[in-house]
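Each chain, written out:
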2 protein chains.
Amino acid sequence: MSISSIPVLPRMLPGDYQAFDALFAQSSAIGATAGGGLHRLTASAEDGAMRDAFCHWLRERGFTVHVDEIGNIFGLLTLRPGAPWLLCGSHLDSQPDGGRFDGAFGVTAGAVTLASLARQMKQRPDEAQLNLAVVNWTNEEGARFQPSLTGSAVFTGAMRLEAALACRDAEGITLGDALSSIGYRGKPLPELPLAAYVEIHVEQGPHLEQQRTQLGVVTETWAAIKWQVTFRGEQNHTGPSLMASRRDALLAAAKTIIAVREEADKQGLALHTSVGRLETAPNSPNVVTREATLFIEFRSADEVLLQAIGERFAQVLQAIAQSTSTDVSLTHSQFRPRQKMDPSLAQRALAQAAQRGISAMPMRTVAGHDAISLSYRCPSCLLFVPSHRGISHNEQEFTASDDLYRGMDLLMALLADLCVQPPAPAGGVS
Amino acid sequence: MSISSIPVLPRMLPGDYQAFDALFAQSSAIGATAGGGLHRLTASAEDGAMRDAFCHWLRERGFTVHVDEIGNIFGLLTLRPGAPWLLCGSHLDSQPDGGRFDGAFGVTAGAVTLASLARQMKQRPDEAQLNLAVVNWTNEEGARFQPSLTGSAVFTGAMRLEAALACRDAEGITLGDALSSIGYRGKPLPELPLAAYVEIHVEQGPHLEQQRTQLGVVTETWAAIKWQVTFRGEQNHTGPSLMASRRDALLAAAKTIIAVREEADKQGLALHTSVGRLETAPNSPNVVTREATLFIEFRSADEVLLQAIGERFAQVLQAIAQSTSTDVSLTHSQFRPRQKMDPSLAQRALAQAAQRGISAMPMRTVAGHDAISLSYRCPSCLLFVPSHRGISHNEQEFTASDDLYRGMDLLMALLADLCVQPPAPAGGVS
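Residues numbered from 1 in each chain as written. Chains lettered and ligands numbered in written order. Predicted model: local features only at pLDDT ≥ 70, side-chain atom pairs only at ≥ 80, totals over all residues.

A. Molecular detail of the overall build of chain A. When its secondary structure is counted, chain A shows twelve helices and 14 strands. Relative to the compact-globule value of 22 Å for 430 residues, chain A shows a C-alpha radius of gyration of 23 Å, a close match. Each principal axis of the C-alpha distribution contributes one length, and for chain A these read about 85 × 45 × 40 Å. For chain A, buried positions account for 57% of its 430 residues. (Helix = DSSP H or I, 4+ residues; strand = E, 2+ residues; numbered from the N terminus. Rg over C-alpha atoms; globule rule 2.2 N^0.38 Å. Buried ≥ 20, exposed ≤ 12 C-beta atoms within 10 Å, placed from the backbone.)

Here is the structure:
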């Protein structure tokens, strides 16, 4: 192919940024917090309102909307009937008092970009090799319902639909009932053969900003262990009951929180750990806690380290139970292996960035993303825009518009490139 | 007075035990838990139903019922118009999944005993020097609303009515609104000059059982410090955010829980400590906790020790805040001084026990009780029946009927003794 015959690929047009600004502003308003953040828990009234607005936006722009049984929303644009699909999206749910960008940027940017790409491809009907689809995955955050990544895991078959619908929130409401209550428990999705999945997201860490790099292309993920651990002690009066006879589940929980942190301190930068959620009963000021459940995470790029810590920590928990006269049980255990994203897609994303004078670097993600779920099903690519000070899951989460626009420039370039030249089906569970 | 002229005082009659059994069974049923305990939080529907049943019981037996502005229920029996009052009672609210005896025994035993005493005194009209009243104090437990001892503290003037009505539960509902919703926000109580206050309660500790003693007469209380402490950190993603940059309020809380326990371990039997309640936000599995509030207790008979620990612990909290990059504030602080119960009433209770062949011993109480509140207003006496294994604030809390009946025998003897020979007005804030 000679240089003169290289086609000019579709690109973001000036009106596209405005369309994005309008849709993103709408997303930022539905569930907005006084502190400038977003509180839009899965299948809440706010989530329902945002889903309604998103479906309306899609239909107005010619997308065919389909809601599947776990509430994932697909917006379909057919360019070549019968051809595989190029899927792009993220999630519209947020953490409690979370940020406006996490997930919502990827869905709104994906929708606007695909709508523009479809319009532009219709001017060159022979070139499109793929159909286009945007997606909003249900319950990525895992805030109201655990585990996280629910919608994408059901889509790929990693999680059974029935198990996902049966997940309960802290009030005992199932995800299935919550989705029904907002009208988003849909029907089985017709066959949707995927050529590739692309997601754009805020980094949620400080690396791009610290390294003054405009965009990140994720090449692999950290592995993670996620445990739910319950200590059971004995309810008693905090006054007269003798200290030596107490069986205090909250004391056991406190020792565990510190032990989890100490694991990270021992391993330097190689291990991230946390306890983010703790449920106790009866949680009354003058009653010794009878039961405490902790949600523990260990994350590392080093699976061998992680497995060793998991084994050692089971012993740590037993020792804590013994020292507090409590019983301990591991009620849920999840291991997320380290996963490589498709290398050829990452290479194509980096090449597109270079062609456009955008500084980009390959990087790892510590956080889970729907793109990780999808990577087990089809070639997948995850792009990062910078997060100011790396703050995320926080009302102060912030990415400047220029960074968002630049991300969409690369997203458009990659989607257009893939649409005219689909990737070869790659490894992974299909 | 010659031996032959010693009057036979009123005593418990066989039908009185049956009346008690019936009323106590009713109390045990309203808010009963599957595990054999009681879940009857202040101003809940169950509390409302129990209050209704109690008022009905009182009216049927000739008591005049008065509900005051903080919901305390008084049942009045006039024996000598214009004379001071002999008040006896406890509380009908319970801890979450608490025991059937704590508080409910004292109210039901008091009501049955006073009703019988009044009937018997009417046969000897010249002897009664006092009128009789039973009371159910609002929110003794401090489980749903803090602080505890609310109703009795408002009655004595230790707490302002407006402040008490404004206390909020975890859902933000005020005590005033909660009382209104069950119909128990009443009217100012007419003047009720008190000659004495008597309360009978389960021990909630193991000492009577361990020392094979049938009854306890409380001579003094431990002092207590009750603190609410809030740590503020920064909400962030538990995955990518760097461990070194985290400001984890739950980690600070965990360190505090352990430090509170270590204080007790250092002091041996002289100090009881606990953290029974912990509130965190946002309490999501993959979010670093931005805020954690702990409810801390230090209890000791040694006020000097307690003050020293309070001062030292303020520094401990600062050090914990510094080590976790959080901010700490003491949002509520309460000091309950050590308090002596009226020695002459205790002496009379011990003498009555001896006369009846009941083994009784003077003892201290670690737990707070409404009788402590009342002791600042009038001569007050607190009697303990044994608690099996000392277990309390627990569904398994248990005292055998024989122990309950024996307690009522002494209660009757003491009340009758006081009724015919009122105590001299004693010290304390009146």
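B. A look at the sheet that holds strand S11 (residues 291-300) of chain A. Residues and elements named next belong to chain A. The strand order across the open sheet formed by four strands is S9-S11-S7-S12, and the pairing between neighbours is antiparallel. Every interior strand has two partners, whereas the edge strands, strand S9 (272-281) and strand S12 (327-336), have only one. This sheet shows a mean twist of 15° between the axes of neighbouring strands, independent of strand direction. Where strand S7 (residues 223-232) meets S12, nine bridges bridge the pair, whose relative direction is antiparallel. Across the sheet, residue Thr230 finds its bridge partner in S12, namely Ser329. (Pairing = 2+ DSSP bridges. Axes fitted to C-alpha atoms, helices over the stretch in contact; angles between N-to-C directions.)

C. Representation of the sheet that holds strand S12 (residues 327-336) of chain B in the model. Residues and elements named next belong to chain B. Pairing is antiparallel in the open sheet, where four strands are placed in the order S9-S11-S7-S12. Both outer strands of the open sheet, strand S9 (272-281) and S12, are each paired with one neighbouring strand and no more. Shown here is a sheet whose adjacent strand axes are inclined to one another by a mean of 15°, direction ignored. In this fold helix H9 (residues 303-323) packs onto strand S7 (223-232), strand S11 (291-300) and S12, with an angle of close to 5° to the strand it touches most, S7. (Contact = placed C-beta atoms within 7 Å.)

D. Structural detail: the relation of the copies chain A and chain B. Between the two copies, chain A and chain B, the superposition gives an RMSD of 0.1 Å; the rotation angle is 180° and the shift along the axis is 0.0 Å. The transformation just described matches what one would write down for a two-fold rotation axis. No C-alpha of chain A approaches the rotation axis more nearly than that of Ala254 of chain A, which lies at 2.1 Å. Most of the interface of chain A is mirrored in chain B, where 100% of its interface residues are also at the interface. (Least-squares fit on C-alpha atoms with pLDDT ≥ 70 in both.)

E. Main features of helix H8 (residues 249-267) of chain A. Here H8 of chain A contains 19 residues, and its C-alpha end-to-end distance of 28 Å stays within 8% of the 27 Å for a straight helix at 1.5 Å per residue. Taken as a whole, H8 of chain A has its buried residues at Ala249, Leu250, Leu251, Ala252, Ala253, Ala254, Lys255, Thr256, Ile257, Val260, Arg261 and Ala264 of chain A. Buried residues belonging to H8 of chain A abut S7, S9, S11 and helix H9 (303-323) of chain A together with helix H8 (249-267) and S9 of chain B. (Expected span 1.5 Å × (residues − 1).)

F. Region of interest: the domain arrangement of chain A. Residue and element names in this part refer to chain A. Structurally, chain A comprises domain 1 (7-222 + 338-420) and domain 2 (225-336). Placing the centre of domain 1 and that of domain 2 at their C-alpha centroids yields a distance of 34 Å. Counting residues at the interface gives six residues for domain 1 and eight residues for domain 2. The residue makeup of the side of domain 1 that touches domain 2, split by class, is three nonpolar, one polar and two charged. (Domains from an automatic or database assignment. Nonpolar A, V, L, I, M, F, W, Y, C, P; charged D, E, K, R; others polar.)

G. Main features of the interface of chain A and chain B. At the interface, 53 residues of chain A touch 53 residues of chain B. The element best represented in the side of chain A that touches chain B is H8 of chain A, accounting for eight residues.

H. Quick look at the pairing of strand S3 (residues 85-90) of chain B. All names here are of chain B. Buried residues dominate S3, accounting for six of its six residues. Where S3 meets strand S4 (residues 131-136), six bridges bridge the pair, whose relative direction is parallel. Across the sheet, Ser90 pairs through a bridge with Asn136, a residue of S4. Running through helix H3 (residues 104-121), the crossover from S3 to the neighbouring parallel element S4 is right-handed. As paired strands, S3 and strand S5 (residues 194-202) are joined by four bridges and run parallel to one another. Paired with Cys88 across the bridge in S5 is Val198. (Right-handed = clockwise from strand over helix to strand, strands pointing away.)

I. How the structure looks around the environment of Ile257 of chain A. Topologically, Ile257 of chain A is positioned in helix H8. Along the chain, Ile257 of chain A and Leu294 of chain A lie 37 residues apart, while their C-alpha atoms are 8.3 Å from each other.

J. Quick peek at unusual backbone geometry. Residue Pro147 of chain A is reached from Gln146 of chain A by a cis peptide bond, and omega for that bond is 0°. Considering the arrangement of structural elements, one finds Pro147 of chain A in the loop between strand S4 (131-136) and helix H4 (150-156). A cis amide bond links Ala281 of chain B with the next residue in sequence, Pro282 of chain B, at an omega value of 0°. If you check the backbone angles, Ser325 of chain B has positive phi at about 55° while not being a glycine.

K. A look at the environment of Arg144 of chain A. All names here are of chain A. Residue placement: Arg144 occurs in the loop between S4 and H4. On a C-alpha basis, the gap between Arg144 and Gln307 in space is 28 Å, while along the polypeptide they are 163 residues apart. Dropping the residues within four chain positions of it, Arg144 is found in contact with Leu41, Thr42 and Asp169.

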